[in-house]
Every structure is written in structure tokens, then in C-alpha cells.
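# Coordinate analysis (summary)
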Amino acid sequence: TKESCDLTTDEGVSSATETIKNVVADGFRVEMWSLLPCKAWSSWNEFNAWKLGTKFRRRLKLMHDESQILIDNFILIASLVIELGGDVSFEWPAFCEGWNIDRLQFFFSKHGFEAARCDGCSFGLVGHDGRLIKKPWLVQTTNKIMHHN
């Protein structure tokens, strides 16, 4: 969590990597599930940038910059997990623009990630009114069992 390992800071990344190394040294296998904030990569942002103008575009640039830091640190930590024999899964909305980031695509390809698509309603996701929500998710994973099930 951000409270235990803030991945926007060097200290948080160091804490996460040390925790992973310690867990593996204690004889456990790491299963890393990652869900970074996706707001910066919403498909609505292109429309909002056009409609809301310069102030929104500046705010969006800041969100992109922070997200890029998180993505770089995710890649660093996920590489360690894979190197130590663990599995990594990365979840975002299925139609998130962030899936098009070259570094992520290269990382997923390099490590043999496979895509698993599902909708929130399949897992009982409901709105405030109690009705099921068809929220499309995409998970890139190295976990073959998860991918095939």
C-alpha cells in the first residue's frame, strides 16, 4: 500500500524491494498484484483537454509525470519478483490509454505476460443502487494458472 511502501519515493521503493527479498529469504514465493492509479490514462482525458483547456492540460501533465514514476518503479519491483521466481499481475480498466505505454508493452512482452479479460459484474461489483456494474478489466499476468482459468 502507499502507506507502507510509497512507490513515488526512493525510500518506498527500497522498502518494497527489501520486503520482497526478506519474504523470499524466509522461504515464501511472492505473488505481486499491481493496480496503479489509472486516472491519468482515462480515455476521457483527450476530450477533457480539448474542452477544459490549458489548466486541465497542465494538471494532466502532472498526473502523467507521477504515473510514469509509478510505472518505472512497478517495472523495477516486478522485475525483482520475477527474478526471484514469483509471479506478477497488473490490472487496469480494459480500455485505459495506459496500456499503450511502450515501456509497459515491452516489459510485458519481455517477461511473457498474458492478458486475461473480465468484467466487474462477474465478481459481484455493484453500484450505489445495488445493481451489477459491467466494468471491463484487463489483467496482464505471468501467472499461467490465473490466465488459463
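One structure accompanies this document, and this report is about it. Worth saying up front: this structure is predicted, and the values here are computed from it rather than measured.

Overall, mixed pairing links the four strands, which are arranged β1-β2-β4-β3 in an open sheet. Of all strands in the sheet, those bounded by a partner on one side alone are β1 (31-34) and β3 (114-119). Strand-to-strand twist in this sheet, taken as the mean axis angle between neighbours without regard to direction, amounts to 20°. Alignment of β1 against strand β2 (residues 87-93), held across four bridges, turns out to be parallel. Within the sheet, the bridge partner assigned to M32 lies in β2 and is V88. Relative to the sheet, helix α3 (residues 54-83) contacts β1 and β2, its axis offset from that of β2 by approximately 150°.

With that settled, the discussion passes to a nonpolar patch on the surface. There is a patch of nonpolar side chains on the surface, built from W44, F47 and W50 and spanning about 440 Å² of accessible area. Note that W44 resides in helix α2 (residues 44-52).

Now for the packing of aromatic side chains. This model, assessed by the stated rule, comprises 13 aromatic pairs. Between F74 and F90, the ring centres sit 4.8 Å apart and the planes meet at 55°, which makes this aromatic pair tilted. Within this pair, whereas F74 is found in helix α3, its partner F90 is found in strand β2, the two being separated by 16 residues in sequence. F90 matches F74 in its accessibility class, with the two residues each being buried. Here F90 and F108 contribute two aromatic rings whose centre-to-centre distance is 5.8 Å and whose plane-to-plane angle is 55°, an arrangement assigned as tilted. Pair noted here: F90 is in strand β2 and F108 is in helix α4 (residues 102-110), with a separation of 18 residues, a long-range link. For the pair formed by F90 and F108, the shared burial category is buried. The structure contains a cluster of three or more aromatic residues connected by ring pairs, namely F74, F90, W92, W99, F107, F108 and F113.

About the cut-offs
Residues numbered from 1 in each chain as written. Predicted model: local features only at pLDDT ≥ 70, side-chain atom pairs only at ≥ 80, totals over all residues. Heavy atoms only, no water. Pairing = 2+ DSSP bridges. Helix = DSSP H or I, 4+ residues; strand = E, 2+ residues; numbered from the N terminus. Axes fitted to C-alpha atoms, helices over the stretch in contact; angles between N-to-C directions. Contact = heavy atoms within 4.5 Å. Patch = residues over 30% accessible without salt bridge, like charges linked within 9 Å, V, L, I, M, F, W, Y side chains within 5 Å. Areas by Shrake-Rupley, 256 points an atom, 1.4 Å probe, with all protein chains shown as cover. Salt bridge = Lys/Arg side-chain N within 4 Å of Asp/Glu carboxyl O. Phe/Tyr/Trp six-rings, centres within 6.5 Å; stacked < 30°, edge-to-face > 60°. Buried < 20%, exposed > 50% of the residue type's maximum accessible area, 1.4 Å probe, protein only.

Everything listed here is a matter of geometry and, on its own, says nothing about what the molecule does.
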